[in-house]
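Architecture and fold: a report
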Amino acid sequence: MSLKAGIVGLPNVGKSTLFNAITKKHILAANYPFATIDPNVGVVTVPDSRLTFLENLYIPKNTVPTTFEFTDIAGLVEGASKGEGLGNKFLSHIREVDAIVEVVRCFEDENIIHVTGSVNPIRDMEIINVELVLSDLEIVENRIAKIEKKAQTTKDKDTVLELEILKKCQEALLNNNPIRHLSFTDDETNLLKGFNFITAKPIIYVANVGEEDAVVGDNKYTKEVKEYAAKENASVIVMCAKLESELAELEESEKKAFLQELGIANSGLDKLIFATYDLLGLQTFFTVGKDECRAWTFKKGTNAKKAAGLIHSDIERGFIKAEIMKYNDLETLQDEKKVQESGKLYLEGKDYIMQDGDIVYFRFNV
């Protein structure tokens, strides 16, 4: 399952520095707009102590964690929807991601140029969000102009439905309201998928602070960002991208010691990875054994047969049953046989809805 979160923001807010920390890759992070021109894609490992426990229990030849992709997208400027800056190139890249991570500058530094001349996170957020709304509005209005006459003259059921949905989106966008705030039926949602609207994608904000504020956790700017985000039920992660980039260079033991010294319980990066994983509606199931312990990513609501297909299409096609242990039961009893003897090994059919932490063995026959 290949899912992507796109990192966006104005130039010089810390996007590329954050991307460096996430992927431990060193792309250009320069002090001028458009240092990142093409989107950089990096695969991030989702930290999971459960997999570490399973690895220690089974001592497998191979351990494979679950991952997803972060894409660093070029800085956006006001007027992007009309082609300013990297405009359309930026917007086409962001349409390809599944969720948006919007980085907002919440630190003062006279050595780092701000594209608008001053630090003002709410203004910055509104610049980006308005450009995304305008971009979607252009697509909506172009499509309405193309199908409206047909809907009125032919009364074609599908065309009429599409027109109704698009007009609903148009009204919202004209009021600067992103499409993700609207409610749709399953049929309407499926119809909208083809448009790949940017404002339909879930969003999370990263308030990028200086190193001093990383310990404190909040400053006057982050409080403004949290108030703004609360109005649209969006999460905010406060972190120092520069500090996280430095932490990413350390060994795990050194990193923990350094965080402890600073008085920080968890790194901002780990919080962001967990929050984005949840934002994408993702959960994890495990397959275990002496050969391999592996974490698998699935969408909430996936049934057992579909989950089997994530491993191999043949397993889905020949699905018979799923043997399932709950992670908490195995952790408590410390032994697979004891789980079975206690009646906590469950046999489930194809319609069983997978749960986060399920440990699964799929029975199949092709």
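Described below are features of the structure shown in this document. (Residues numbered from 1 in each chain as written. Predicted model: local features only at pLDDT ≥ 70, side-chain atom pairs only at ≥ 80, totals over all residues. Heavy atoms only, no water.)

Let's talk about the overall build of the protein chain
Along its length, the protein chain carries 15 helices and 12 strands. Expressed as a percentage of its 366 residues, the buried residues of the protein chain come to 48%. A separation threshold of at least 6 residues defines the contact pool for the protein chain, and within that pool the share at least 24 residues apart is 70%. (Helix = DSSP H or I, 4+ residues; strand = E, 2+ residues; numbered from the N terminus. Buried < 20%, exposed > 50% of the residue type's maximum accessible area, 1.4 Å probe, protein only. Contact = heavy atoms within 4.5 Å.)

A look at the environment of Leu-174
Within the secondary structure, Leu-174 sits in helix H5 (residues 157–174). Sequence spacing of Leu-174 and Leu-134 is 40 residues, and the spatial spacing of their C-alpha atoms is 8.5 Å. Excluding residues that lie within four positions of it along the chain, Leu-174 makes contacts with Leu-137 and Glu-141.

Some details on the nonpolar core
Of all hydrophobic cores here, the largest spans 59 residues; its most connected members are Leu-18, Phe-68, Phe-70 and Tyr-205. Other than its neighbours up to four places away in sequence, Leu-18 contacts Ile-7, Val-103, Val-206, Met-239, Ala-241 and Leu-272. Grouped together as the second largest cluster of nonpolar side chains are 15 residues, Ala-151, Leu-173, Ile-179 and Phe-195 included. (Core = buried A, V, L, I, M, F, W, Y, C linked by side-chain atoms within 4.5 Å.)

Quick notes on the packing of aromatic side chains
Considering all chains together, one arrives at seven aromatic pairs under this definition. Ring geometry for Phe-53 against Tyr-327: centres 5.6 Å apart, planes inclined by 85°, an arrangement best described as edge-to-face. Highlighted residues: Phe-53 in helix H2 (residues 49–58) and Tyr-327 in helix H14 (residues 327–333), separated in sequence by 274 residues. For the residue pair Phe-53 and Tyr-327, the accessibility class agrees, reading buried in each case. Relative to Trp-296, the ring of Phe-285 lies with its centre 6.2 Å away and its plane at 15°, an arrangement referred to as stacked. A residue pair is termed long-range when its members are at least 10 positions apart, and Phe-285 in strand S8 (residues 282–287) and Trp-296 in strand S9 (residues 292–299) qualify at 11 residues. Overall, Trp-296 belongs to the buried group, its relative accessible area being 11%. Ring-pair connections join several aromatic residues into one group, and the members of that group are Phe-285, Trp-296, Phe-298, Phe-319 and Phe-362. One Lys or Arg, Arg-294, reaches over the ring of Trp-296 and ends 4.1 Å from the middle of that ring. (Phe/Tyr/Trp six-rings, centres within 6.5 Å; stacked < 30°, edge-to-face > 60°. Lys NZ or Arg CZ within 6 Å of the ring centre and 35° of its normal.)

What about H5?
If you check H5, its first and last C-alpha atoms are 26 Å apart, about what 18 residues at 1.5 Å a residue would give, namely 26 Å. Of all the residues in H5, the buried ones are Thr-159, Glu-162, Leu-163, Ile-165, Leu-166, Cys-169, Ala-172 and Leu-173. On its buried side, H5 packs onto helix H4 (121–154) and helix H6 (186–193). At the C-terminal side of H5, Asn-176 shows a positive phi close to 60°. (Expected span 1.5 Å × (residues − 1).)

Concerning the pattern of salt bridges
For the structure on display, the rule yields 18 salt bridges. Ionic pairing is found between Asp-72 and Lys-15, a salt bridge with its closest N-O pair at 3.8 Å. Residue Asp-72 is located in strand S4 (residues 67–72), and its partner Lys-15 is located in helix H1 (residues 15–23); the two are separated by 57 residues in the primary sequence. With respect to burial, Asp-72 and Lys-15 carry one shared label: buried. Taken together, the salt bridges that share partners define one network made up of Asp-48, Arg-50 and Asp-356. (Salt bridge = Lys/Arg side-chain N within 4 Å of Asp/Glu carboxyl O.)

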